[in-house]
Amino acid sequence: MRLDKFVAGAAGLTRGEARTRIRAGAVTVDGRAESDTGRSLAGGEAVCLDGRPLSAPGYVYIMMNKPAGCVCATEDKREKTVIDLLPPELRRLRLFPVGRLDKDAEGLLLITNDGALAHKALSPKKRAGKKYFLRLSLPLPDDKIDILEKGVDIGGYVTKPCGVEKIDDFSAYITVTEGKFHQVKRMLAAVGSRVEYLRRVAFAGLELDESLKTGQYRELCTKEIEKILLTIQ
Ligand code: URA
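Quick caveat, the model's predicted, so the values are computed rather than measured.

J.: How would you summarise the sheet that holds strand 4 (residues 52–53) if you had to cite specific residues and measurements?
T.: Hydrogen bonds along the backbone pair up the strands of a sheet, which may run parallel or antiparallel. The strand order across the open sheet built from four strands is 2-1-3-4, with neighbouring strands paired in antiparallel fashion. Of all the strands in the sheet, the pair left with one neighbour each is strand 2 (32–33) and strand 4. Here strand 3 (residues 47–49) pairs with strand 4 via two bridges, running antiparallel. Residue pairing in the sheet places Leu49 in a bridge with Arg52 of strand 4. Contacting strand 1 (27–29) and strand 3, helix 1 (residues 3–11) runs over the sheet at an angle of about 60° to strand 3.

J.: Tell me about the pattern of salt bridges, residues and numbers included.
T.: Within this structure, the stated rule accounts for 15 salt bridges. In this structure, Asp209 engages Arg218 in a salt bridge whose closest nitrogen and oxygen atoms are separated by 2.9 Å. Each of Arg2, Asp4 and Arg19 takes part in salt bridges that share partners, so that together they form one network.

J.: Any chance you could break down the side chain of Ser171 for me, citing the residues and the numbers?
T.: You can see Ser171 is positioned in strand 10 (residues 171–176). Given a relative accessible area of 8%, Ser171 falls into the buried group. Those residues in contact with Ser171, other than ones at most four positions away along the chain, are Phe133, Leu134, Arg135, Leu136 and Lys166.

J.: Requested: an account of the nonpolar core, with residues and values cited.
T.: Ranked by internal contacts, the top residues of the largest apolar core, which has 33 residues, are Ile111, Leu134, Leu140, Ile174, Met187 and Leu188. Of all the secondary-structure elements, those providing two or more residues to this core are strand 5 (61–66), strand 7 (106–112), strand 8 (130–138), helix 5 (145–150), strand 10, helix 6 (183–190) and strand 11 (194–203).

J.: Just give me the short version of the domain arrangement of the chain, but keep the residues and values in it.
T.: According to the domain assignment, the chain consists of domain 1 (3–53), domain 2 (61–124 + 209–232) and domain 3 (130–203). The interface of domain 2 with domain 3 comprises 14 residues on the first partner and 10 residues on the second. Interface of domain 2 and domain 3: buried area, both sides summed, is about 1,000 Å²; carbon and sulfur atoms make up 49% of it. For domain 2, the biggest contributors to the area lost against domain 3 are Asp102, Glu106 and Leu108; these three give 46% of the whole. Where domain 2 meets domain 3, there are two salt bridges. Residues Asp102 and Lys185 are paired through a salt bridge, measuring 2.7 Å at the closest nitrogen-oxygen approach. Linking domain 2 with domain 3 are seven residue pairs in polar contact (both at pLDDT 80 or more). Listed by contribution, the elements that provide at least two residues to the side of domain 2 that touches domain 3 are strand 7 and helix 4 (115–122). Among the elements that make up the side of domain 2 that touches domain 3, the one with the highest residue count is strand 7 (five residues). Its residues placed into classes, the side of domain 2 that touches domain 3 shows eight nonpolar, one polar and five charged.

J.: Tell me about unusual backbone geometry, and name the residues and values.
T.: Even without a glycine there, the phi angle at Asp50 is positive, about 50°. Within the fold, Asp50 resides in the loop between strand 3 and strand 4. Positive phi outside glycine occurs at Arg94, with the angle close to 55°. If you trace the backbone, Arg94 turns up in the loop between helix 3 (88–91) and strand 6 (96–97). We classify Arg94 as exposed; its relative accessible area is 67%.

J.: Break down the site of the ligand for me, citing the residues and quoting the values.
T.: All residues adjacent to the ligand are Leu101, Asp102, Ala105, Tyr132, His182, Gln183, Val184, Lys185 and Leu198. Within the backbone of His182, a nitrogen or oxygen atom sits 3.3 Å from an oxygen atom of the ligand. Here Val184 contributes a backbone N or O atom positioned 3.1 Å from a nitrogen atom of the ligand. Because more than half of its atoms lie within 2 Å of the grid, the ligand is assigned to the largest pocket.

Rules used throughout
- Residues numbered from 1 in each chain as written.
- Predicted model: local features only at pLDDT ≥ 70, side-chain atom pairs only at ≥ 80, totals over all residues.
- Heavy atoms only, no water.
- Pairing = 2+ DSSP bridges.
- Helix = DSSP H or I, 4+ residues; strand = E, 2+ residues; numbered from the N terminus.
- Contact = heavy atoms within 4.5 Å.
- Axes fitted to C-alpha atoms, helices over the stretch in contact; angles between N-to-C directions.
- Salt bridge = Lys/Arg side-chain N within 4 Å of Asp/Glu carboxyl O.
- Buried < 20%, exposed > 50% of the residue type's maximum accessible area, 1.4 Å probe, protein only.
- Core = buried A, V, L, I, M, F, W, Y, C linked by side-chain atoms within 4.5 Å.
- Domains from an automatic or database assignment.
- Buried area = accessible area lost by both parts, 1.4 Å probe.
- Polar contact = N/O pair within 3.5 Å; in protein donor to acceptor, adjacent residues only side chain to side chain.
- Nonpolar A, V, L, I, M, F, W, Y, C, P; charged D, E, K, R; others polar.
- Near = heavy atom within 4 Å.
- 1 Å grid on protein atoms, 1.4 Å probe; cavity = no way out; pocket = protein on both sides within 12 Å on 5 of 7 lines; lining within 4 Å.
- Sits in = over half its atoms within 2 Å of the grid points.

Put into structure tokens, the structure is as follows:
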């Protein structure tokens, strides 16, 4: 790997910032100042920035309680994105949201720079469960629960079996293993109900930390990362 890429990733700098620091003599490789930004590292060299050792950049895993009003994208010309809610030192780590929640939806969103984990967590083959709390503006009659659970036509596509836990006529939990566009809203509409509010509470073995207020985020602990890996293995 090139030295500037390594320093950028390990220190949370942009590639340009890393080059400036390298050229200024702030970086040593195996104890010697190195000003060649493109120097190739074989791996295993001791790289220091301002005398402090840098370790290979690891992956970052963040749980966000997504607020309504922002979109699940890394950039958007018109809308605020979930990445915009993160501080600059995290935004530099090329993080992206794993899957999508609608702009008006809230709840559990995994944000990472681990492409392989994201790919598996979203793969239909892995059937990773996504659980949502729903508040409804049109009631969900008892006789529709079975129909929803077996699968409904949401416009040219019949949904896979899912789990529904009715709380009362105007609220329920639903656990699906797919992620079609507006899937849950369209499923409820297919049985004559209507979603007024949707919050994801679990995804791929990870549960929303209810102590996070909407818009807040935190890094996952090792146990939570392991739980995801077990779920999607
Ligand atoms: N289903 C929806 O309708 N919206 C979401 O944001 C997620 C699932």
